[in-house]
Amino acid sequence: MTRTVVASRSKTVIIGFDQPFCVIGERINPTGRKKLAAELEMGDFSTVEKDALDQVAAGAAILDINSGAVFSNKMAEDPRYADNNFVEPALMKEMVERVQALVDVPLCIDSSVPGALENGLKAAEGRPLLNSVTGEEERLELVLPLVKKYDVPVVAISNDDTGISEDPDVRFAVAKKIVERAADFGIPAHDIVVDPLVMPIGAMATAGQQVFALVRRLREELGVNTTCGASNISFGLPNRHGINNAFLPMAAAAGMTSAIMNPLQAAATPKKIAERIAELEALGVIFPEGIDPEVLVPLIGLGSAKAGPSKEIEAIKAADFLLNNDPSGAAWIRFNKVAGGDEGARGARDGRRSRRRG
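Since this is a predicted model, take the numbers as computed values, not measurements.

K.L.:
Explain the packing of aromatic side chains to me, and be specific about the residues and the numbers.
P.N.:
We describe a pair of aromatic rings using the distance from one ring centre to the other and the angle between the two ring planes. Taken as a whole and judged by the stated rule, the model has four aromatic pairs. Ring centres of Phe-71 and Tyr-81 lie 6.3 Å apart, and the angle between their planes is 35°; on these two criteria the pair is classed as tilted. Residue Phe-71 is located in the loop between β4 (62-66) and α3 (72-77), and its partner Tyr-81 is located in the loop between α3 and α4 (84-102); the two are separated by 10 residues in the primary sequence. The exposure classification of Phe-71 matches that of Tyr-81, with both residues buried. With 5.0 Å between their ring centres and 90° between their planes, Tyr-81 and Phe-86 make a pair best called edge-to-face.

Next up, the structure:
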């Protein structure tokens, strides 16, 4: 049975076919997050630290740390800051050290810069996951020696020098090539976690079917664990959480063993709460005078006033239970913080009463 072992100084996480689905938290990534990038440029790691704590609390088993920040202001002062090979190695080391000082989960070192990958590997305690290698010749020659040197598992992304193919057979062939090249370096298949590349369902109607078939094939023919950028499936569509909630359990049922994803449900902002209350009042809804607006949040369809586990996490926990990767449902029960009986138990009792009445 294929098992990929990832570890921090005090905790081991196993990615495997017979293990609970592994959630890799994606939030510590300045790409597309201008506020976070600006904070990092000023040496402010408060959001990084908060994201680390919040993601672990929400259920992330591993934290991805991406150092791909652009320091726009510093570029004007020093042209070296225009080069990610200058920026990322030092930044990665600092981010890794700060995160592992706060949480004890394993880390996923994520960068396109080899120097940043190596600095992250040097700074990380335990056995981190490296993200990532592709089938591109240059990337294989740069990354696989690091994987071997530090004896770590690696994410293998199924694209090569020709780009990302829409043909799932081509993506499988690239994954096979990476596994074979890794073997040449003495890296076993159980230390390769393949990302078969999830296409947006809005752009390709067969994207879901493709990835499910690919995952099964990767498991059966190559014996490797798999991962993906989970939100790719819903890119550009409304109600992305609804699609993601369906996709993740289906992917798990097909054999996918992990995903890089956001485990957090964002808290409703005061502005959003006020706008929703005003909208409902315009429709004639009357709210009690002086009521705390945060109390109303779950009642007016805004989720929660506090950040917490996302619906995707809930769907994954349910899938683990249904796939018998959560024996006796212990993790599901803990997740739901059952006290004094849960909905299922009440439903069973109600069902027995109904049968007696019948």
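Next comes the rest of the account.
K.L.:
Any details on the layout of surface pockets? Residues and values, ideally.
P.N.:
Counted as a void, the largest pocket has a volume near 1,400 Å³. In this structure, the largest pocket is lined by 46 residues; those nearest its centre are Glu-26, Arg-27, Ser-231, Met-261 and Asn-262. Grouping the amino acids of the lining of the largest pocket by side-chain chemistry returns 13 nonpolar, 18 polar and 15 charged. In this structure, the second largest pocket occupies an estimated 890 Å³ of space. Together, 37 residues line the second largest pocket, and Ala-58, Gly-59, Ile-313, Lys-317 and Phe-335 are the ones closest to its centre. Broken down by secondary-structure element, the contributors of at least two residues to the lining of the second largest pocket are β2 (12-16), β3 (22-28), α2 (46-58), β11 (264-265), β12 (308-309), α12 (311-322) and α13 (330-336). No other element matches the six residues that α12 contributes to the lining of the second largest pocket. Class assignment for the residues of the lining of the second largest pocket results in 21 nonpolar, seven polar and nine charged.

The rules behind each value
Residues numbered from 1 in each chain as written. Predicted model: local features only at pLDDT ≥ 70, side-chain atom pairs only at ≥ 80, totals over all residues. Heavy atoms only, no water. Phe/Tyr/Trp six-rings, centres within 6.5 Å; stacked < 30°, edge-to-face > 60°. Helix = DSSP H or I, 4+ residues; strand = E, 2+ residues; numbered from the N terminus. Buried < 20%, exposed > 50% of the residue type's maximum accessible area, 1.4 Å probe, protein only. 1 Å grid on protein atoms, 1.4 Å probe; cavity = no way out; pocket = protein on both sides within 12 Å on 5 of 7 lines; lining within 4 Å. Points joined across faces, edges and corners; volume = space filled by probe spheres on them. Nonpolar A, V, L, I, M, F, W, Y, C, P; charged D, E, K, R; others polar.

That's the geometry; what it means functionally is another story.
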